[in-house]
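# Remarks on the overall topology
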Amino acid sequence: MDPQETQTWVIFYLVSFLVLLVALFFTTQGLLLGLGMTLIIVVVGLNFYIIWNEIKRVNKKKELMQRLCGKNKK
């Protein structure tokens, strides 16, 4: 992973953490409980989706490198 990708991940997770803090505030105060729970579901779902796509991207890259190097396991 190059440094540019790392910076993007750090910013993404800082924003996610801030949204979760706001959602926690909403739910503990009893105000806008539905909005707080929706924010939590959206952030967790978005994180899952991004990590899932990152795992698929790494696996495709690994498979391509194995094919290019001629190290097929067939």
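Shown above is the structure to which this text applies.
The structure contained in this document is the topic of the report that follows. (Residues numbered from 1 in each chain as written. Predicted model: local features only at pLDDT ≥ 70, side-chain atom pairs only at ≥ 80, totals over all residues. Heavy atoms only, no water.)

## What about the pattern of salt bridges?
Counted according to the given criterion, the structure contains one salt bridge. Two residues, arginine 57 and glutamate 54, come together in a salt bridge whose shortest N-O distance is 2.5 Å. Here glutamate 54 and arginine 57 lie together in helix 2 (residues 33–69), a separation of three residues that amounts to about one turn. Here arginine 57 falls in the partly exposed class, since its relative accessible area comes to 35%. The exposure class of glutamate 54 is buried, given its relative accessible area of 18%. (Salt bridge = Lys/Arg side-chain N within 4 Å of Asp/Glu carboxyl O. Helix = DSSP H or I, 4+ residues; strand = E, 2+ residues; numbered from the N terminus. Buried < 20%, exposed > 50% of the residue type's maximum accessible area, 1.4 Å probe, protein only.)

## Side note on helix 2
Taking 1.5 Å of rise per residue, the 37 residues of helix 2 would be expected to cover 54 Å, and the 54 Å separating its terminal C-alpha atoms lies within 8% of that figure. Turning to helix 2, its buried residues are Gly36, Val43, Asn47 and Glu54. Once helix 2 ends, the next one or two residues include glycine 70, with phi positive near 75°. (Expected span 1.5 Å × (residues − 1).)

## A short note on a nonpolar patch on the surface
A grouping of Tyr13, Ile51 and Ile55 is seen on the molecular surface, where their side chains present a nonpolar patch of about 250 Å² in accessible area. With respect to the helices, strands and loops of the structure, isoleucine 55 is situated in helix 2. With a relative accessible area of 45%, isoleucine 55 lands in the partly exposed category. (Patch = residues over 30% accessible without salt bridge, like charges linked within 9 Å, V, L, I, M, F, W, Y side chains within 5 Å. Areas by Shrake-Rupley, 256 points an atom, 1.4 Å probe, with all protein chains shown as cover.)

## As for the environment of leucine 46
Positionally, leucine 46 belongs in helix 2. Of the residues examined, leucine 46 reaches a relative accessible area of 41% and is grouped as partly exposed. Distance in space between the C-alpha atoms of leucine 46 and serine 16 is 9.3 Å, their sequence separation being 30 residues.

## Focus: the packing of aromatic side chains
How two aromatic rings sit relative to each other is given by the distance of their centres and the angle of their planes. Counted under the stated rule, the structure contains three aromatic pairs. Between the aromatic rings of phenylalanine 12 and tyrosine 13, the centroid separation amounts to 5.1 Å while the plane-to-plane angle is 70°, which identifies the pairing as edge-to-face. (Phe/Tyr/Trp six-rings, centres within 6.5 Å; stacked < 30°, edge-to-face > 60°.)

These figures capture arrangement, not role.
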